[in-house]
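# Secondary and tertiary structure notes
Listed here are the chains, written in short residue letters.
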Amino acid sequence: MVVPERCAERMDRRSPVLSAETAEFQRHFGNSAFSLKHHLADSDLFSLAALEDAAAFWIAHNRPDRFVVSGGQGKTNAKFSEMADRIRIASAISGLTHSHSYVKISNINAVSSDYQKLLQQALLDVEDLLGQKVLSNVTWAQMTVFISSPNIVTPYHIDHEANFLCQIAGEKDVWLFDPNDRELLPDPEIEKFYLGDLNGAQYREQLGDRGKRFQLAPGVAVHHPPLAPHWVRNGSSVSISVSINFCMADLDRKAHIYQVNSIMRRMGLHPRPPGRSVMSDTLKAGGMRLLCASQPRSYRDVVFSGLDRLRAPYRLAGRVLRKSRSNQMRPSSGT
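Not measured: the values here are computed from a predicted model. (Residues numbered from 1 in each chain as written. Predicted model: local features only at pLDDT ≥ 70, side-chain atom pairs only at ≥ 80, totals over all residues. Heavy atoms only, no water.)

All right, on to the layout of surface pockets then. Reported here for the second largest pocket is a volume of approximately 490 Å³. Of all the secondary structure elements, the ones that give two or more residues to the lining of the second largest pocket are helix H7 (187–194) and helix H8 (249–266). Of the residues forming the lining of the second largest pocket, the biggest block, five residues, is contributed by H8. (1 Å grid on protein atoms, 1.4 Å probe; cavity = no way out; pocket = protein on both sides within 12 Å on 5 of 7 lines; lining within 4 Å. Points joined across faces, edges and corners; volume = space filled by probe spheres on them. Helix = DSSP H or I, 4+ residues; strand = E, 2+ residues; numbered from the N terminus.)

Laid out in structure tokens, this is it:
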């Protein structure tokens, strides 16, 4: 679990990563989007050379899923599963000027202690700005880097985590919507998302004016509340952004309630959304929590491990059935 140890970090505190007006931060955090400042833009850790090293680290450690090159505007993902040398990594990154794609380096804080310390400091900054202890409620945190071609559009979607998107180089516009607007984001769409459908949230053209536009430039960040629908358009040059995102226990509990509701809805029932019934929420969240990984080692463990375990017998039965059918269709050898 990538969560800071408070005592050690308090003794060796670094310069702030995030800066904001305290009252505004406390008023909006977790509920609505707002802009703030960050202090990562001048760090050598986010130079292209350093990011090439980070990508090479994941490839060398047989984790090509953490260095992904994807086509822009919904094109088919192209994972560099066979990329084994620095030259091709550098080529993928340097080619973004004209390739109309983006590079994603996930969980970069696990690459070295330098990135990890920045993540820890950012979480301490959140706690200080809120004026209350919240780190004990953080169940998973990570830092992800996006390097994108000019004019790339990231489609409308939602994320589970709270997020601070920090612009390092280039510019981009981010449109963020109210996560509590159920006309814009109905409960069944959230349920689909928590079943693993990344396209669960549907953009509604007629409600597009409800989004708020944030213009990001180096040194500027924007807070994405959990489940806040958003879409992004890059500016005219290559963009580098750092996402500081984290799960919290109350958000995970709500996710588990939505997962149970999605199962109930598929059974023809009409479940109550989270927050409508304390008893119902307790039963749903408690039941799913029993299935979740007791010591999560990834974002998926935190949010989806209970659902994965619930699905496992059905997946096994499906594989057995498909194998049985395949054997039955296979022509027998005559004697």
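It is worth spelling out the packing of aromatic side chains at this point. Within a pair of aromatic rings, the relevant descriptors are the distance that separates the centres and the angle that separates the planes. Scanning the entire structure with this criterion turns up 14 aromatic pairs. Between Phe25 and Phe29, the ring centres sit 5.5 Å apart and the planes meet at 10°, which makes this aromatic pair stacked. Summarising the burial analysis for this pair, Phe25 and Phe29 share the class buried. Where Trp175 meets Trp231, the ring centres are 4.2 Å apart and the plane angle is 5°; that geometry is what we call stacked. Of this pair, Trp175 sits in strand E9 (residues 172–176) while Trp231 sits in strand E12 (residues 230–234); the two residues are 56 residues apart in sequence, bridging distant segments of the chain. A relative accessible area of 16% places Trp175 in the buried class. The side chain of Arg66 reaches across the aromatic face of Trp58, ending 4.5 Å from its centre. (Phe/Tyr/Trp six-rings, centres within 6.5 Å; stacked < 30°, edge-to-face > 60°. Buried < 20%, exposed > 50% of the residue type's maximum accessible area, 1.4 Å probe, protein only. Lys NZ or Arg CZ within 6 Å of the ring centre and 35° of its normal.)

H8 packs onto H7 with a crossing angle of 105° between their chain directions and a minimal axis gap of 8 Å. What the angle tells us is that H7 and H8 run roughly perpendicular. Contact residues: H7 offers Asp187, Pro188, Ile190, Glu191 and Tyr194, while H8 offers Ala255, Tyr258, Gln259, Asn261, Ser262 and Arg265. Grouping the constituent residues of the contact of H7 with H8 by class yields five nonpolar, three polar and three charged. (Axes fitted to C-alpha atoms, helices over the stretch in contact; angles between N-to-C directions. Parallel < 35°, antiparallel > 145°, perpendicular 65-115°, else oblique. Contact = heavy atoms within 4.5 Å. Nonpolar A, V, L, I, M, F, W, Y, C, P; charged D, E, K, R; others polar.)

Let us look at the packing of H8 against helix H9 (residues 278–291). Their axes nearest at 8 Å, the elements H8 and H9 cross at an angle of 95°. It follows that H8 is roughly perpendicular to H9 by the angle criterion. Counted together, Arg253, His256, Ile257, Gln259, Val260, Asn261 and Met264 of H8 and Asp281, Thr282, Lys284, Ala285, Met288 and Arg289 of H9 form the full contact between these two elements. Among the residues making up the contact of H8 with H9, the classes are represented as five nonpolar, four polar and four charged.

Inspection of the secondary structure puts Ser239 in strand E13 (residues 239–248). At 2.9 Å, the side chain of Ser239 forms a polar contact with the side chain of Gln167. Leaving out residues up to four positions away in the same chain, Ser239 has contacts with Phe146, Ile147, Ser148, Gln167, Ala169, Gly170, Glu171, Lys172 and Asn234. (Polar contact = N/O pair within 3.5 Å; in protein donor to acceptor, adjacent residues only side chain to side chain.)

Spatially, four strands are ordered E7-E12-E9-E10 in an open sheet, and the strand pairing comes out antiparallel. With one partner strand each, in any of the chains shown, strand E7 (153–157) and strand E10 (212–216) form the two edges of the open sheet. The mean angle between the axes of side-by-side strands here comes to 15°, regardless of whether they run parallel or antiparallel. Looking at chain direction, E9 and E10 are connected through five bridges and run antiparallel. Bridged to Val174 within E10 is Phe214. (Pairing = 2+ DSSP bridges.)

Looking now at helix H3 (residues 48–60). Since the α-helix turns once every 3.6 residues, residues separated by three or four places project in the same direction. For H3, which comprises 13 residues, the first-to-last C-alpha distance of 18 Å matches the rise-based estimate of 18 Å (1.5 Å per residue) to within 8%. Every buried residue belonging to H3 is among Ala50, Leu51, Glu52, Ala54, Ala55, Trp58 and Ile59, and all of these are buried. (Expected span 1.5 Å × (residues − 1).)

Pairing is possible between side chains of opposite charge, provided their charged atoms come close. Going through the model one piece at a time under the given rule, you end up with seven salt bridges. With a closest N to O distance of 2.7 Å, Asp181 and Arg210 form a salt bridge. Of this pair, Asp181 sits in the loop between E9 and H7 while Arg210 sits in the loop between H7 and E10, and the two are 29 residues apart along the sequence. Using a relative accessible area of 15% as the deciding quantity, one classes Asp181 as buried. Residue class for Arg210 comes out partly exposed when judged on its relative accessible area of 37%. Where Glu191 meets Arg265, a salt bridge forms, and the shortest distance between an N and an O atom there is 2.7 Å. Taken together, the positions of Glu191 in helix H7 and Arg265 in helix H8 put the pair 74 residues apart, joining distant regions of the chain. (Salt bridge = Lys/Arg side-chain N within 4 Å of Asp/Glu carboxyl O.)

Spatial relationships are all this shows, so hold off on functional conclusions.
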